[in-house]
Every structure is written in structure tokens, then in C-alpha cells.
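Spelled out, the chains give:
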Amino acid sequence: MEQSKQNIVILTGAGISKESGLATFRDEDGIWSKVRIEDVATPEAFRRDPEKVQGFYNARRRPLLSGNIKPNGAHDALARLEKEWPDKAGGQVTIVTQNIDNLHETAGSENLIHMHGEILKARCGACGAVSPCQDNLGNGESCADCGEVNRLRPHVVWFGEMPLEMDRIYGLLEDCALFISIGTSGNVYPAAGFVQHARGQGAAHTIELNLEPSEGATFFAEARYGPATDLIPAYVDELLSHGIT
Ligand code: BV8
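Conventions used here
Along each chain, residues carry numbers from 1 onward, in the same order as the chain's sequence is written. Local features in this predicted model are restricted to residues whose pLDDT is 70 or higher, and side-chain atom pairs enter the listing and the counts only when it is 80 or higher, whereas totals over whole chains, interfaces and linings include all residues. Think of the side-chain values as coming from all heavy atoms in the structure, minus any hydrogens and water. Only DSSP runs of H or I with at least four residues qualify as helices, and only runs of E with at least two residues qualify as strands; both kinds are numbered from the N terminus onward. Radius of gyration: C-alpha atoms only; globule rule: 2.2 Å multiplied by the number of residues to the exponent 0.38. A simple rule labels every residue: compare its accessible area, found with a 1.4 Å probe on the protein chains alone, to the largest value its type can have, and call it buried under 20%, exposed over 50%, or partly exposed in between. For the area figures, the Shrake-Rupley method with a 1.4 Å probe applies, and any residue is considered shielded solely by the protein chains shown. As used throughout, the charge tally considers Lys and Arg to be positive and Asp and Glu to be negative, leaving His and the chain termini uncounted. By convention, the point assigned to a charge is CZ for Arg, NZ for Lys, CD for Glu and CG for Asp. We count a salt bridge whenever a side-chain nitrogen from Lys or Arg sits within 4 Å of a carboxyl oxygen from Asp or Glu. Proximity criterion: a residue is near a molecule or strand once any of its heavy atoms comes within 4 Å of it. Polar contacts here mean pairs of N or O atoms no more than 3.5 Å apart (in protein, one a potential hydrogen donor and the other a potential acceptor; neighbouring residues in sequence count only if both atoms are side-chain atoms). Note on residue classes: Ala, Val, Leu, Ile, Met, Phe, Trp, Tyr, Cys and Pro are nonpolar, Asp, Glu, Lys and Arg are charged, and everything else, Gly too, is polar. By definition, two strands form a pair when at least two bridges between them are found by DSSP. Axis definition: a line fit to C-alpha positions, over the contact stretch in the case of helices; interaxial angles, taken between N-to-C directions, run 0 to 180 degrees. Contact definition: two residues touch when any of their heavy atoms are within 4.5 Å.

A. Seen up close, the overall build of the chain. Secondary structure assignment for the chain yields nine helices and nine strands. Here the C-alpha radius of gyration of the chain, 18 Å, is about what a compact globule of 245 residues would show, namely 18 Å. Principal-axis analysis of the C-alpha atoms gives the chain an extent of 55 × 35 × 30 Å. Put simply, the chain has 245 residues, and 49% of those count as buried. About 11400 Å² of surface is accessible on the chain, with carbon and sulfur atoms providing 48% of the total. Across the chain, the mean location of the 22 positive side-chain charges is 3 Å away from that of the 34 negative side-chain charges.

B. Molecular detail of the pattern of salt bridges. By the definition in use, this model includes twelve salt bridges. In this structure, K18 and D27 form a salt bridge, with 3.8 Å as the shortest nitrogen-oxygen distance. When its relative accessible area of 28% is taken as the criterion, D27 is described as partly exposed. For R168, the salt bridge identified is with E165, shortest N-O distance 2.8 Å. Judged by relative accessible area, E165 falls into the partly exposed class, the value being 40%. Here the residues in one salt-bridge network are R36, E38, D39 and R48, joined through shared partners.

C. Spatial organisation of the site of the ligand. Among the 34 residues in the neighbourhood of the ligand, the closest are listed as F25, R26, R60, T184 and S185. E19 is positioned such that a nitrogen or oxygen atom in its side chain is 3.0 Å from a nitrogen atom of the ligand. Within the contact set of the ligand, an oxygen atom lies 2.8 Å away from a side-chain nitrogen or oxygen of Y57. Expressed as a share of its isolated accessible area of 1500 Å², the protein-covered part of the ligand is 76%. At the level of elements, helix 1 (15-18) and helix 4 (50-66) are the ones that each hand at least two residues to the shell around the ligand. When grouped by side-chain class, the residues that make up the shell around the ligand number 14 nonpolar, 13 polar and seven charged.

D. Spotlight on the pairing of strand 2 (residues 93-97). With five of five residues buried, strand 2 is to be regarded as a mostly interior element. Here strand 2 shows a buried face lined by V93, I95 and T97 and a second buried face lined by T94 and V96. The sheet contact formed by strand 1 (residues 8-12) and strand 2 spans five bridges and is parallel. Looking across to strand 2, one finds that T12 is bridged to T97. Note: strand 2 against strand 3 (residues 112-114), three bridges, orientation parallel. Paired with T97 across the two strands is H114, which belongs to strand 3.

E. Molecular detail of the sheet that holds strand 6 (residues 152-156). In space, the three strands of this open sheet follow the order 5-4-6, with antiparallel pairing throughout. Taken across any chain shown, the strands that pair with only one partner, and hence form the sheet edges, are strand 5 (130-132) and strand 6. Sheet twist, expressed as the average angle between the axes of neighbouring strands with direction ignored, equals 45°. As judged from the three bridges shared by strand 4 (residues 117-124) and strand 5, these two strands associate in the antiparallel manner. Its bridge partner being in strand 5, A122 is matched across the sheet by S131. Against the sheet, helix 4 contacts strand 4 and strand 6, and its axis sits at roughly 130° relative to strand 4.

Right under this line is the structure:
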């Protein structure tokens, strides 16, 4: 695919939401230090103990519903870049997030792909319908589309399940001039392989903006380390003033 001159693809992970008060996964006090992936984030776990899995996601959904968790300066800066970049450089900005929170959309981002799903949506195990989820799941609720009872699961991608919109994502990676990775440890595939895909397909510049070097740090042409709320607004200002350098 002909590489468009100035399209930007931004991959985000749990680190961009940390300063909004949401836990990451693999930091010291991270989610996977408290509970095992095999017990709460696989289809087998859901079959084995649906109550435990529903409880895990109900506990993570509640803070987002409380209204106390808000986008931070990094989310806001990315929403600004999406709005101002087309006039500046004639290209599009798309965020591909691994996060299941709603902070990017709350900050105003619209070109947004939730490749690992969304915790504020539920999916029916009987008919596949996806619907908004503003409450706990696992209390005998029925599907608004097919009426089946107790078949709703969180609309998130578990380990061993195929992430969402992969074809669209690979097309965007092949057609971008800049790939930015923010707040991700580079442990989880296929997201962790995106930087190589972007580099392999053309002359995309690649940059990692993270608190510390990720597992994939060596794949990036450039890297800056620090908290997202420091790095991202400054980097967006640079892009809007000087373009991709
Ligand atoms: C797939 C949603 C194939 C739910 C998540 C066996 C069978 C099948 C696949 C596999 C297998 N074995 C391995 C695999 C591949 C597997 C994988 O990669 N496993 C890893 C653990 C080795 N991948 C999968 O299973 C994927 N599917 O491969 O399907 C397939 C093929 C055909 C047919 C069917 C299937 C699916 C993976 C998706 C799993 N779901 N989440 C939920 O959220 O509960 S993954 C989970 O990890 C989250 O989405 C999270 O976002 C993601 C990645 O983590 P990070 O976002 O990077 O978070 P982390 O804590 O790790 O890092 C945070 C970073 O931020 C750190 O670097 C930190 O320094 C930084 N940071 C902290 N504070 C700040 C900061 N940065 C800036 N500022 C700060 N203030």
C-alpha cells in the first residue's frame, strides 16, 4: 500500500492511564501481581469460574462508572493532535489502544481502535450482540437482543482470543509515516510486534514514549523516558510545530 506521507499511528497501553489512577499490569503493584492471568483473563477461566472472572471485571469497571477517573494530560494531548494534525500535515492520526478503559474517548479522541475490547461494553455469549455495560455483570441479567439470561460477558479480548480489527490495524501500520508507542511494556502480542510491522513496511519513523525501556525498546528508532503527562504534551507540541523529524 502506497505509504501516505504523514499518517500517524499511536499504540497505547496501561501506562497512559496510570496517572489517571488506573493500575497497570506489570508494574510492581500491577494487576498481575495480585491475580493470575490464567484465573481471570482467559476463556477457560470464564468457563471454569464465571463468577470469579465477572467479579474481576466488575471491580475494574466500577471506578470508571464512579466518574472519579478522568483523562490526564497525555490523553488530552493525543486528542488535540488528532484534531490539529490534518491541517498541519494533511495526514490522519489513529490511536490503537490495548486499554479497555474509556479515557481516550472521554478526552475527545475519535479515530480510536480498542484492540482488546472495552470494559464498558458487554457481549452476549449466545447471539454475539455487543451493548453498553454500566453495571455489574453476572447477576442473571438478560441480553437485550436475544433475551438469553446469564450469557453476558465483558466485551474484552482474553489471552488466547483474537484481538479486534487486526486487518484494519495492519493496513494503518503499513500506511503510516510515524508510529508512536506510549505506556506499554511490549509483553503482549500481537501489539508488541506493531513497531516491527510499521518499520518493515516502509520508512515509518518509530518512537517509544514510556516510563522505562519496554521489552521492545531496541526496535524503536527513537525513545524518550518519563511520565506520560510530561512526555506526551511536549512531544505533541513538537510535532505540531516542526512536523515529523
Ligand atoms: C492472540 C484485555 C492468537 C483484558 C489483554 C497461547 C495461546 C494464544 C496466544 C498466546 C499464547 N501464549 C502467548 C500468546 C500470545 C498472548 C501473549 O502475548 N501473551 C503474553 C503474556 C506472552 N497474546 C494473546 O493471547 C492475544 N491473542 O495472540 O491470539 C490467536 C490466533 C488465532 C486465533 C485465536 C487467537 C490476546 C492478548 C490480549 C489479552 N488481553 N487485556 C484486560 O485488560 O483484562 S492484555 C493486557 O496486557 C492489557 O490489554 C494490557 O493493556 C496489555 C498489555 O499490557 P500493557 O498495556 O503494556 O501494560 P503493562 O502493565 O504490561 O505495561 C505498562 C507500561 O507502562 C510499563 O512499561 C510501564 O513502565 C509504563 N508506565 C507506567 N506508568 C507510566 C508508564 N508510562 C508512562 N507514564 C507513566 N506514568
